[in-house]
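The chain contents come next:
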Amino acid sequence: MASIVACSSPGEVPKQEHGGDPMQIDSNAPEQRHINRVPEGLLLTDYLRIYYGKLFPYMDMFKWLSYGNDGKHPGCDSSYFGRREFSFTIKSDRDEIYLRFQSFSNASEMESTIKAKCPTKIDIGAVYTVDPAKRHAYAQSGFSPVERELIFDIDITDYDDVRYCCSGADICSDCWPLMTIAIKVIDTALREDFGFNHILWVFSGRRGVHCWVCDSRARRLSKEQRSAIADYFNVYKGGENSLKKVTFSGPLHPSLARAYTDVLKHYFEEKWISTQKLFEHEERFYKILQLIPDESVVSELAGKWQGSRLEHVNSVRWDQLKHMLQSGSKKTQGLRRCIEEIVFSYTYPRIDIQVTKGMNHLLKAPFCVHPGTGRVCVPIDPNNCEQFDPTSVPTLSQLLEELNANASIGTDNYLEKTSLGLSVNFFRTAFLEPLIKTCKEELESAYKTKIQQSKDSLNW
Amino acid sequence: MEIVRSQRRNGSDGSAGAASLPLYKSAPSLEVRLEEFERCAIDRLRVLKAISDGLSRGKKPEEMDNLVGELWRANMKHQDVDETLRKDIISHFALRLVYCREEEMRRWFLSMETALFRYRFRLQDAEAQKSIMNELQLQYNVLSHAEYETLKDKLIQAARSVNSTSNPETVFYKVPFEDVPDLVASRRVFLLKGFAFVPRNQVVSLVCTIFRSNISKALALTNRKWRATIHDQEKDRLAPIVEALGNSYLGPDYSQPRECAEISLKDINQLASSSFPLCMRHLFGKLKEDHHLKHGGRMQLGLFLKGVGLKLEDALAFWRAEFSQKVGAERFDKEYAYSIRHNYGKEGKRTDYTPYSCQKIIMSTPSTGDHHGCPFRHFSEENLRAALNKMGVGGRAMDDIMDKVRNRHYQLACTLTFEATHAASCETGINHPNQYFVESRKIFQSKNQQNQQNQQSQPAA
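Residues numbered from 1 in each chain as written. Chains lettered and ligands numbered in written order. Predicted model: local features only at pLDDT ≥ 70, side-chain atom pairs only at ≥ 80, totals over all residues. Heavy atoms only, no water.

## Structural notes on the overall build of chain B
Counting secondary structure elements, chain B contains 20 helices and four strands. Looking at chain B residue by residue over its 461 residues, the buried ones come to 49%. If you take every contact in chain B between residues at least 6 apart in sequence, the share linking residues at least 24 apart comes to 67%. Roughly 23,500 Å² of accessible area belongs to chain B as shown, and the carbon and sulfur atoms make up 47% of that amount. (Helix = DSSP H or I, 4+ residues; strand = E, 2+ residues; numbered from the N terminus. Buried < 20%, exposed > 50% of the residue type's maximum accessible area, 1.4 Å probe, protein only. Contact = heavy atoms within 4.5 Å. Areas by Shrake-Rupley, 256 points an atom, 1.4 Å probe, with all protein chains shown as cover.)

## With respect to a positive patch on the surface
A cluster of basic residues, Lys237 of chain A together with Lys60, Arg377 and Arg408 of chain B, forms a positive patch on the protein surface. Looking at lysine 237 of chain A, the relative accessible area reads 39%, which means it is partly exposed. (Patch = residues over 30% accessible without salt bridge, like charges linked within 9 Å, V, L, I, M, F, W, Y side chains within 5 Å. Salt bridge = Lys/Arg side-chain N within 4 Å of Asp/Glu carboxyl O. Lys, Arg positive; Asp, Glu negative; His and termini not counted. Charge placed at Lys NZ, Arg CZ, Asp CG, Glu CD.)

## Quick look at the environment of leucine 252 of chain A
Along the chain, leucine 252 of chain A turns up in the loop between helix H7 (223-232) and helix H8 (254-275). Those residues in contact with leucine 252 of chain A, other than ones at most four positions away along the chain, are Ala257, Tyr260, Arg337, Glu340 and Phe344 of chain A together with Gln157 and Ser161 of chain B.

## A word on the pairing of strand E1 (residues 84-91) of chain A
Residues and elements named next belong to chain A. Counted residue by residue, E1 has seven buried out of eight residues, so it is predominantly covered. Bridge count for E1 against strand E3 (residues 121-128) is five bridges, and the pairing is antiparallel. Counterpart to threonine 89 in the pairing with E3 is lysine 121. Relative to strand E2 (residues 96-102), E1 is paired through five bridges, and the arrangement is antiparallel. Across the sheet, residue threonine 89 finds its bridge partner in E2, namely tyrosine 98. Between E1 and the antiparallel strand that follows it, E2, lie four residues. (Pairing = 2+ DSSP bridges.)

## Observations concerning helix H17 (residues 381-390) of chain B
All names here are of chain B. Listed in full, the buried residues belonging to H17 are Leu384, Ala387 and Leu388. Down the axis of H17, the buried side of the element spans an arc of 95 degrees, and every buried residue falls inside it. Turned more than 90 degrees off the buried face of H17, the exposed positions are Glu382 and Lys390. Among the structural elements, helix H11 (278-290), helix H16 (375-378), helix H18 (395-406) and helix H19 (410-422) are those in contact with the buried residues of H17. Positive phi appears at glycine 392, one or two residues downstream of H17, with a value of about 95 degrees. (Arc of directions from axis to C-beta.)

## Overview of the sheet that holds strand E2 (residues 172-176) of chain B
Residues and elements named next belong to chain B. The antiparallel open sheet is built from four strands, whose spatial order is E1-E2-E4-E3. Of all strands in the sheet, those bounded by a partner on one side alone are strand E1 (141-142) and strand E3 (190-192). Relative to E2, E1 runs antiparallel, the two sharing two bridges. The partner of asparagine 141 across the bridge, within E2, is lysine 174. The strands touched by helix H6 (residues 145-162) within the sheet are E2, E3 and strand E4 (195-199), with E3 carrying the most contacts at an inclination of about 135 degrees. (Axes fitted to C-alpha atoms, helices over the stretch in contact; angles between N-to-C directions.)

## Some thoughts on unusual backbone geometry
Despite not being glycine, lysine 277 of chain A shows a phi value in the positive range, around 50 degrees. Along the chain, the position of lysine 277 of chain A falls in the loop between H8 and helix H9 (282-289). A residue is classified by how much of its surface remains accessible, and lysine 277 of chain A, at 35% relative accessible area, is partly exposed. Although it is not a glycine, histidine 291 of chain B sits at a positive phi angle of roughly 55 degrees.

## Looking at helix H13 (residues 312-327) of chain B
Residues and elements named next belong to chain B. Between the first and last C-alpha of H13 there are 21 Å, a value that for 16 residues agrees with the 22 Å anticipated at 1.5 Å per step. The largest bend along H13 reaches roughly 30 degrees and is located at alanine 321. When we look at burial in H13, the residues that qualify are Leu312, Ala315, Leu316, Phe318, Trp319, Glu322, Phe323 and Val327. Next to the buried residues of H13 lie helix H10 (268-275), H11, helix H12 (295-308) and helix H14 (329-343). The positive-phi residue at the C-terminal boundary of H13 is glycine 328, with phi of around 90 degrees. (Expected span 1.5 Å × (residues − 1). Bend = angle between axes of the 7 residues up to and from the residue.)

## Some words on the environment of isoleucine 114 of chain A
All names here are of chain A. Relative to the helices and strands, isoleucine 114 is located in helix H4 (residues 107-117). A sequence separation of 65 residues divides isoleucine 114 from arginine 49, and the C-alpha atoms of the two residues are 9.2 Å apart. Those residues in contact with isoleucine 114 that lie beyond four places of it in its chain are Tyr52, Phe56, Tyr58, Phe88, Pro119 and Ile122.

## Quick word on the sheet that holds strand E7 (residues 208-213) of chain A
The four strands are arranged E5-E7-E6-E9 (chain A) in an open sheet whose pairing can be described as antiparallel. Lying at the two open borders of the sheet, with one neighbouring strand each, are strand E5 (150-155) and strand E9 (379-380) of chain A.

## With respect to the pattern of salt bridges
Residues and elements named next belong to chain B. Across all of its chains, the model carries 46 salt bridges over all chains by this definition. The partner of arginine 46 in a salt bridge is aspartate 43, and the shortest N-O contact between them spans 3.1 Å. Placement of both arginine 46 and aspartate 43 in helix H1 (residues 34-56) is noted, with a separation of three residues, approximately one turn of the helix. Notably, a salt bridge pairs aspartate 88 with arginine 44, separated by 2.9 Å at the nearest N-O pair. Of this pair, aspartate 88 sits in helix H3 (residues 81-99) while arginine 44 sits in helix H1, placing them 44 residues apart in sequence. When sorted by exposure, aspartate 88 lands in the same class as arginine 44, which is buried.

## What about the interface of chain B and chain A?
Residue-level contacts link 35 residues of chain B with 39 residues of chain A. Joining chain B to chain A, the criterion identifies two salt bridges. A salt bridge links glutamate 178 of chain B to arginine 217 of chain A; the nearest nitrogen and oxygen atoms lie 2.8 Å apart. At the junction of chain B with chain A, the criterion picks out twelve residue pairs in polar contact (both at pLDDT 80 or more). Counting only elements with at least two residues in the side of chain B that touches chain A, the list comes to H6, helix H7 (181-185) and E3 of chain B. Sort the elements by how many residues they give to the side of chain B that touches chain A and H6 of chain B lands first, with five residues. Class assignment of the residues belonging to the side of chain B that touches chain A gives a composition of 13 nonpolar, 13 polar and nine charged. (Polar contact = N/O pair within 3.5 Å; in protein donor to acceptor, adjacent residues only side chain to side chain. Nonpolar A, V, L, I, M, F, W, Y, C, P; charged D, E, K, R; others polar.)

## Some details on the packing of aromatic side chains
This structure, assessed with the given rule, holds 56 aromatic pairs over all chains. Ring geometry for phenylalanine 367 of chain A and phenylalanine 427 of chain A: centres 5.5 Å apart, planes at 80 degrees, overall edge-to-face. Highlighted residues: phenylalanine 367 of chain A in the loop between strand E8 (363-364) and E9 and phenylalanine 427 of chain A in helix H15 (residues 420-458), separated in sequence by 60 residues. Each member of the pair, phenylalanine 367 of chain A as well as phenylalanine 427 of chain A, carries the same accessibility label: buried. Taken together, the ring pairs connect Phe276, Phe284, Phe304, Phe318, Trp319, Phe323, Phe332, Tyr336 and Phe437 of chain B into an aromatic cluster. Taking NZ or CZ as reference, arginine 135 of chain A lies 3.6 Å from the ring centre of phenylalanine 101 of chain A, over its face. (Phe/Tyr/Trp six-rings, centres within 6.5 Å; stacked < 30°, edge-to-face > 60°. Lys NZ or Arg CZ within 6 Å of the ring centre and 35° of its normal.)

## Concerning the nonpolar core
If you look at the biggest cluster of nonpolar residues, it comprises 203 residues, and the most contacted ones within it are Tyr51, Trp64, Leu190, Phe233 and Ile292 of chain A. Once residues lying within four places of it in the same chain are set aside, the contact partners of isoleucine 292 of chain A are Val297, Val298, Leu301, Leu321, Leu325, Leu335, Cys338 and Ile342 of chain A. (Core = buried A, V, L, I, M, F, W, Y, C linked by side-chain atoms within 4.5 Å.)

## As for the packing of helix H5 (residues 177-192) of chain A against H8 of chain A
Residue and element names in this part refer to chain A. For the pair H5 and H8, interaxial distance at closest approach is 10 Å and the crossing angle is 165 degrees. Our classification of the angle between H5 and H8 gives roughly antiparallel. As for how H5 packs across H8, the hand of that crossing is right-handed. Here H5 contributes Pro177, Leu178, Ile181, Lys184, Val185, Thr188, Ala189 and Glu192 to the contact with H8, which in turn contributes Ser255, Arg258, Ala259, Val263, Leu264, Tyr267 and Trp272. Of the residues that constitute the contact of H5 with H8, the class distribution is ten nonpolar, two polar and three charged. (Parallel < 35°, antiparallel > 145°, perpendicular 65-115°, else oblique. Left-handed = near helix turned anticlockwise from the far one by under 90°.)

In structure tokens:
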């Protein structure tokens, strides 16, 4: 593997240690080289140093997490950014150190600390009553979280019992759409049901997505309220040993009905049953049959499905199942919602409840690099999430190669020289700018109210 | 409240409007004798304890309504309405003093008082409910007819999704969703752009949330005052009464295992099959099988073992022996040992975590790959029968247990399991896994003693 030397100034061509063009070392196609090259150990730290030196968007992160408190408006709280907890995971050759309660008073302090420490992972925590680094100076009751984004963590391994194409850390274009579904369903619910507007979806780097809801109303939610929202989305319940994890005792709640009609039904019927070959394999369709609380229906279908396979067997058998459940003669109580129950069991979003419930749960920062895959945790556009391909997300190695390749282009804007520039631009235009606008408006109106109140109180 | 010989007698604390259901906003200036103080507190405590018991036995809401009605009549009601109100107020504030002192106690008191308030509120007529809401300054807007018409379908759908036979309510309040977390959590209300549309019959939830939050704040204040001044002032008078009342109830939390209950690693397999409740047996079995447990399982089993008397060093050895077979000893030390020490209060903010009670375990939400939670609640019938079979339960007992499960009386099912496997009755009912263990050991130890006695009394051959 060619070593990549940091460019000290744009325009300088990096020297190769072993001579020759680095492009010739591997005979694999260029795309595969990028994917295969996941740096580890000291090499990872070296690469990260360049990444943090030239690409990590400090100013954007600062602007985001300040929520308008950048000191320019008289109504600003200049202590706000400094009260946010960050945590670092730092790898040395043998050990991994985890540092909590890091804080910075401004963007440049954050930038210099990250560049110096070169963490393999950065997590964002809550905003506390006081600077977390100084918490010991206060009584334990004086140190507690006051604001925190409403967050969601969705990991594809939580769907392992229903996906057959991959397991564990693997993902592919057949099962990734479960994440797409999760984004669509949850994003719509957050906006339509809860009225939130400033929502950031981020690729977790390997096999999942994170969601950051940043409205001030969301940041001020109590633990109990977060818990309620988590439960609102908790449709798939029960551990390893319960059989039926989704039960609808009546018509679907409007939010679930919307998810079913707009997203789940279509996806399950047109894609999922075929890509996962749900009705082609006995253990797979038996699992579905187990969700039907009527022995006679189950045995009739099981009988029909023994033996030969037809063309489009999955859609055909699904239709047979639906017909059996919907036909007039078998409308016993438990069957009425069985079809929806099956569809929801396989496709409805499964969030990590504990992540959403807590106020001090730390979550990986956007634009970190996932150490296992080398991929950057880039934002995902919820309006175009079907187009998102986790296997083509820029990797650390790829970005560095792009930097080298475009080194001669005469601009200091390194981001523009790499494919990361697109992601950062999206972050700015679709998320950051509208958010800051709202924050400034809120600051302004809160300030005006305060002035008015103090004026009133002077009128005895 | 002045518990001295003060003169002013003022029966109203500003809640006379809702004559029969006070909100306990502030302690009234009343003259109360010590004996009355203690007696009122004990009577109210009896009510709260019975509510707690009923809830943990999984009684349905209608049963609870009846229960609370009876309890109130038996313990608190007086022929004279004013007398009832007086006792109500005095007993509430007296118990505040008792239960403000520790976090666990505050939580329990808060839950029980809110439950009591909820049942009493539901029994009030619409007029009284309205005036209570006014007092709490619930300025929620009622949906106009036009608004209702636009949303009608969704509102009905939301109501039917919970109870498909409900009569459609037509009066709705538009409430910010933050104010009704329990309705949001159970998807009982329609939400639109941050507002929940609460039917009049659900307004109870709203009122209770506010009631709870008010009492919670008051408890924190009372605690501070108690520590700062009252405790010293009342060292010889109220403090002993308050302390006695506090100890008289809450079941042991098993955070400090008794000396004689320490267990060692070599006994653990045997103890698991003889004395662990099903939830812990299952986790233990899965751990032995997979050499791994997810976080929820590690917490539930780990804290249980702590409560049973497993010392930290032994716990670390135990978990390491299992996990290292899957992830290696080094990874265990790096990734898992910390959280075990955390459970024993040796890391972080050094909280000594208490083992989970049945109520907590039943309420937990296991998901894919999890094995924690209450098996009586989450196992399919087939899996549950198989698991109980392995414990040696069969025949009639099995049927009784499955019947309880179907009716969602999970703790009663566990109690019956205990009785079937120990051939003994369990009067008090199971409400904590460590309690199951302790009771089980008691039975085995007395059997051992019996055996020893029998052997001793037999003439040498």
